[in-house]
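Listed below are the residues making up each chain.
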Amino acid sequence: MDPIVTSHVHFFTELINEGDTDVLMTNKVAYCVCFLRQEVFCAPPILHFEMVRDEEDDIQHRDPNERVWMNWAVVDARPFLHYLQYLTFRDLGLRHRQIQAFRSLSDSIEDGRRQHQLFHFETAANLLAHCLEMEGQIDDALCCYLASQADVPRNNAANLHIRGLTNN
């Protein structure tokens, strides 16, 4: 991660010195959302691909740390929130709110100021690509999956999605 921007250091230091670490954690920190294999029924279907993201030889290229969490679906909280909003407003028929959620998801991924805050850019890009697929923008979805694949070439669900879109 990039170092904390110096303009924010005073704010964080002030909160910590005042003993308000609970406020700091509650208002300024969002952990990644993690679904274990046992929780697959709680996860949106697109995240099921994250649990089977490997290809034939990808498993051999996992380091010991990856072996622990590679069968999980892990996504950053902000993009996941916007993705869920998109799905919800789509099902409710609230097109204006759906588009707003789509733009928020896109901004959370493509905004250069926020992008360095993502721990799982590849998964967030896959969520955005899935929204693009639902919007009928297949070429843009493919570009998004390719960006995800470029970020994490192996053990990435984007590989499965790309094959599905290109019929390979």
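Please read all numbers here as calculations on a predicted model, not as lab measurements.

Trainee: Explanation requested: the overall build of the protein in the structure shown.
Mentor: Helix and strand counts for the protein come out as 10 helices and 2 strands. A buried classification covers 34% of the 168 residues belonging to the protein. In the protein, 56% of the contacts between residues at least 6 apart in sequence involve partners at least 24 apart. With the model as given, the accessible surface of the protein reaches about 10,300 Å², and the carbon-plus-sulfur share is 54%.

Trainee: Can you walk me through helix α5 (residues 77–92) in this structure?
Mentor: In an α-helix, one turn spans 3.6 residues; hence positions three or four apart end up facing the same way. The end-to-end C-alpha distance of α5 is 22 Å, a good match for the 22 Å that 16 residues give at a rise of 1.5 Å each. All buried positions along α5 are accounted for by P79, F80, H82, Y83, Y86, L87 and F89. Packing partners of the buried residues in α5 comprise β1 (33–35), α3 (45–48), β2 (73–75), α6 (95–110) and α8 (121–134). In the segment just after α5, G93 is the residue with positive phi, at about 75°.

Trainee: Please clarify how helix α10 (residues 158–166) should be interpreted in this entry.
Mentor: The set of residues buried in α10 consists of A158, N159, H161 and I162. For α10, the angular spread of buried residues about the axis comes to 160°, placing them on one side.

Trainee: How should I be thinking about the nonpolar core in this particular structure?
Mentor: Nonpolar side chains in soluble globular proteins generally cluster together in the buried interior. F35, L47, Y83, I109, L127, L128 and Y145 are the most contacted members of the largest nonpolar core, which has 30 residues in total. Looking at this core element by element, the count peaks at 8 residues for α8. Excluding residues within four positions of it along the chain, L127 makes contact with I46, L47, V75, P79, F80, Y83 and L105.

What counts, and where the lines are drawn
- Residues numbered from 1 in each chain as written.
- Predicted model: local features only at pLDDT ≥ 70, side-chain atom pairs only at ≥ 80, totals over all residues.
- Heavy atoms only, no water.
- Helix = DSSP H or I, 4+ residues; strand = E, 2+ residues; numbered from the N terminus.
- Buried < 20%, exposed > 50% of the residue type's maximum accessible area, 1.4 Å probe, protein only.
- Contact = heavy atoms within 4.5 Å.
- Areas by Shrake-Rupley, 256 points an atom, 1.4 Å probe, with all protein chains shown as cover.
- Expected span 1.5 Å × (residues − 1).
- Arc of directions from axis to C-beta.
- Core = buried A, V, L, I, M, F, W, Y, C linked by side-chain atoms within 4.5 Å.

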